[in-house]
Amino acid sequence: MDKIRTPSLFPQRKKQKGMHPPISLSSCEVKFSELVIFIMERKMGVTRRTFLMELARRKGFRVENDDSVTHIVAENNSGAEVLEWLRGHKMRDSSRFELLDISWFTACMEAGKPVDSEKKHRLMEIIEEGESSRAKDVLTDERYQSFKLFISVFGVGLKTSEKWYRMGFRTLEEVKADKTLKLSRMQKAGKTPSKRSVINLIVKDAVRTFLPDALVTITGGFRR
């Protein structure tokens, strides 16, 4: 059986002055021996990985780096990236692991015990099914669909879309039928702007939420 070997994956670093040795966790009680976690350092960094490993051990989880591993946790990595990383370290049989997003690990830490891995946690889902259920849920969400429709109208940004949605509107026909709304001529016509205009509105509204006086200008391909 293939092993996840520490020397080949994580070369020993020289000890820097002022650095304190890690706290000994040999006395930590293992409460969930049937589940063994391996936390990938890729895109996470040594410091954060070490912190998460110590946190998990203090809560009774086993965190190992050998052939006893059952769950591999990654942060900001797709399923394809994790598979490529495993292959690069001679781990060709990935079927025996559960490849999970850091959100599953966080849920376990919050619960203080292992939680069932849902579709939104599994990194392999998008490879096996061709799509992510989490992304699919967002794209089919009523609020997202309404905002997408409203923002397609010239002069309508996120604030107006939010206002219309809260008023119970879901279609442009419902908006135009309400005589109490004061719409511009372009809004009444329901004219859709260029892609640049839509992006410009979205970006401006997002930036000005945090920086009201910011000057936002679309550049790049839209300027050619």
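Up top is the structure these notes are about.
Quantities reported herein were computed from a predicted structural model and do not represent experimental measurements. (Residues numbered from 1 in each chain as written. Predicted model: local features only at pLDDT ≥ 70, side-chain atom pairs only at ≥ 80, totals over all residues. Heavy atoms only, no water.)

A. Representation of the pattern of salt bridges in the model. As enumerated under the stated definition, the model contains eight salt bridges in all. Between glutamate 81 and lysine 43 there is a salt bridge, with the nearest N and O atoms lying 3.1 Å from each other. Within this pair, whereas glutamate 81 is found in helix α3 (residues 79-88), its partner lysine 43 is found in the loop between β1 (32-39) and α2 (46-58), the two being separated by 38 residues in sequence. Residue lysine 43 is classed as partly exposed on the basis of its relative accessible area, which comes to 47%. One salt-bridge network, held together by shared partners, links Arg143, Glu162 and Arg166. (Salt bridge = Lys/Arg side-chain N within 4 Å of Asp/Glu carboxyl O. Helix = DSSP H or I, 4+ residues; strand = E, 2+ residues; numbered from the N terminus. Buried < 20%, exposed > 50% of the residue type's maximum accessible area, 1.4 Å probe, protein only.)

B. Region of interest: the pairing of β1. Of all eight residues that make up β1, six are buried, and the element is covered over most of its length. One ladder, built from three bridges, connects β1 with strand β2 (residues 61-63); its direction is parallel. Residue pairing across strands places phenylalanine 32 opposite phenylalanine 61, the latter belonging to β2. Following the backbone out of β1, through α2 and into the adjacent parallel β2, one traces a crossover that is right-handed. (Pairing = 2+ DSSP bridges. Right-handed = clockwise from strand over helix to strand, strands pointing away.)

C. Structural context of unusual backbone geometry. Although it is not a glycine, lysine 43 sits at a positive phi angle of roughly 65°. In this model, asparagine 76 sits at a positive phi of 60°, which is unusual for a non-glycine residue. By the element assignment, asparagine 76 lies in the loop between β3 (71-74) and α3.

D. Representation of the packing of aromatic side chains within the structure. One pass over the full model with this rule turns up four aromatic pairs. Aromatic side chains phenylalanine 150 and tryptophan 164 sit 5.3 Å apart centroid to centroid with 85° between the ring planes, which places their arrangement in the edge-to-face category. Residue phenylalanine 150 is located in helix α7 (residues 142-151), and its partner tryptophan 164 is located in helix α8 (residues 158-166); the two are separated by 14 residues in the primary sequence. Exposure class is identical for phenylalanine 150 and tryptophan 164. Each is buried. Sitting over the face of the ring of tyrosine 165, arginine 170 holds its NZ or CZ atom 3.7 Å from the ring centroid. (Phe/Tyr/Trp six-rings, centres within 6.5 Å; stacked < 30°, edge-to-face > 60°. Lys NZ or Arg CZ within 6 Å of the ring centre and 35° of its normal.)

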